[in-house]
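The lines below spell out each chain.
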Amino acid sequence: MLLILAAFLLARPAGPGEAEQQRIAESYRFTALPIDLPPDLPMQQTRQVHPDYERIQAWISSVGAGVALTDLDGDGLSNDLCYVDPRVDRAIVAAAPTAPQRRYPAFALDLQGLYDDDSVAPMGCLPVDANTDGRMDLVVYYWGRTPTLHLAAGGEMTAENFRAQELLPGLEERWNTNAAVTADFDGDGRLDLLFGNYFPDGSPVLDADGEGEVTMQHSMSRAYNAGTNRLLLGTGDDEALFRDASDALDEEMSNGWALALGAADLDGDLLPEVYIANDFGPDRLLHNRSTPGEPRFAVVTGERTLTTPRSKVLGRDSFKGMGIDFGDINRDGHLDMVVSNITEEYALQESNFVWTSTGSPGDLAEGRAPFVDRSEDYGLARSGWGWDARMADLDNDGHTEVVQAVGFVAGEVNRWPEIQELALSNDELLAHPESWPALGPGTDLSGDGGVKFFARDGGEGVFAEVSDLVGLGETTVSRGIALGDADGDGRLDIAVANQWAAPVFYRNDSPDPGSFLTLRLVRPAGHGTTPAVGATARVDVPGQHPRIGHVDGGSGHSGKRGHEIHLGLGDHPADTPLDVTVAWRDDRGRTHEETVRLTPGSHTILLTETAATVPSETGSDS
């Protein structure tokens, strides 16, 4: 026992002390602001469920809060919110509270008769310009049915100006979707959609009448009886905007209990790789080997050494994948990944992942994932019951911070002993709801969640968790995190979706931020421009490490960041230009790369066959 204790103390890095935490926290400050909710919507505090799930109602009702920051009104800022609040089971559009001069009354998206079914509940909202007309549309995905598409008509920000239609007309299936992301997966120049499904297809999870059979996962660590993930390719046809291409995903890629999806180019060919964060079993990293119209992926896994536990090898874990985000945490000019898991001490203590690049992206073509987990080295291995996680530079010092939503169910009775017992039981029993302990109203499982904020001194050493010191220490159960510069001041703000509680907007009031570069990379579209999802940028800062970023299409659990690339530049002079290398695919799928010279600040760059700076809608220099 003494040897084990000594090894543990030597292996676990010491975190910053209280004085150092105070010093680190001085660089950050956030102010919580309420997000508008439409009046007169009926409220609930739990969901109706299939009778077979009644004894575990709290568990089944534990997801569904989501939030996206985007530009719906065309003002050039990510200051519009689309969020799902389980208390009203509707997708809501509202203005960010930091722009009162542009405020409009919050409204629920009108379903316009598409369905009227109590066994359906929205799980999230994905912004995407589906018809490439230059206006941002909204895809809402659900438990209990296929997603709906809400096409923006322009004009006033009202429910009437978002026309609801079926995403796949004529398809009557029951999906149970927990994650969605958009990207040009096949490289043809059109955006596609990927959905991660959870409960098996057709499973009437929320049907209180009890029609049909339901199930749970058949294992806590190797469960493959979930719903089927779906890939939809953009067609360019106004009559049928997307077609089902899910046969490109084999069984290994599509049968995990998906809770989060990520899409980013990891090998430099401008075809996005896919990370699938699976609950109850191994995550999947898919290397993209597609050609236009022919999507094709290959599962790649990390390599195990004598000192690497199996679950610390990418693609071989047995953990509970909850969130995924991309960023350059080790500052080597390659994207790394942070993944949330359940890391509750004295409970289901697993580990978050910080998959850091080994600098060998060519390994992907050989079937190897060039990433190793360094969560312990960074002090990010444990945080609670994790969900969305975000990597971003929130004080513009040139170094990455990590924000994470944590918590599961808040109540009065701690049910962790029963869950621990369940986790140790025979896997053959798990699929049967009647074998589960009673997890009804009043259940508490990691109910003291909230938003965790991790930063470190000058980008060096172990991260410190300083949430309470920077204005993010609110104790509630959180799910989705969206980032965006909603007020155009060069500091990223944070929107948080909470489960069974009001969403919160955190304005970034960090007192002494560094200089920054905000890039709106856009392509021509029908009524103006559209975000160039998947485009990348690299900035070479003299005497410092390079900064990299990409236009994200909704990676994560239920939070969707804005479409701008935001890069902190530290103490780089605000009047000194920098070389910015931009790479993109045009609307015909052809790849381009160009270096432009830009001064710090906000810039809009129009990507055609060339990269051209244009006047920004926000009035910033470009």
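Residues numbered from 1 in each chain as written. Predicted model: local features only at pLDDT ≥ 70, side-chain atom pairs only at ≥ 80, totals over all residues. Heavy atoms only, no water.

Looking at an unreviewed UniProt entry, one finds the chain named ASPIC/UnbV domain-containing protein, with Thermobifida cellulosilytica TB100 as its source organism.

What follows covers the packing of aromatic side chains. Summed over all chains, the structure comprises 23 aromatic pairs. Consider the rings of W257 and F280, whose centres lie 6.1 Å apart with planes at 80°: the pair is edge-to-face. You can see W257 sitting in strand β14 (residues 257–264) and its partner F280 sitting in the loop between β15 (273–279) and β16 (284–288), a full 23 residues away along the chain. An identical accessibility class is assigned to W257 and F280; each is buried. When the ring of W385 is compared with that of W416, the centres are 5.6 Å apart and the planes differ by 40°; the resulting orientation is tilted. Here the residue W385 occupies a position in the loop between α5 (375–378) and β22 (386–392), and W416 occupies one in helix α6 (residues 416–423), the gap between them amounting to 31 residues. Like W416, W385 is buried. Each residue in the set Y53, W143, Y198, F199, W257 and F280 is aromatic and connected to the rest through ring pairs, giving one cluster. When the ring centre of Y142 is taken as reference, the NZ or CZ atom of R145 above it lies at 5.8 Å. (Phe/Tyr/Trp six-rings, centres within 6.5 Å; stacked < 30°, edge-to-face > 60°. Helix = DSSP H or I, 4+ residues; strand = E, 2+ residues; numbered from the N terminus. Buried < 20%, exposed > 50% of the residue type's maximum accessible area, 1.4 Å probe, protein only. Lys NZ or Arg CZ within 6 Å of the ring centre and 35° of its normal.)

Moving on, we get to the pattern of salt bridges. Within this structure, the stated rule accounts for 29 salt bridges. The closest approach of N and O atoms between R561 and D325, which form a salt bridge, is 2.5 Å. Taken together, the residues span a long stretch of sequence, with R561 in the loop between β35 (559–560) and β36 (565–570) and D325 in strand β18 (residues 323–327) at a distance of 236 residues. In this structure R561 comes out as buried when scored by relative accessible area, which is 15%. Through salt bridges with shared partners, one network takes in D325, D388, R390 and R561. (Salt bridge = Lys/Arg side-chain N within 4 Å of Asp/Glu carboxyl O.)

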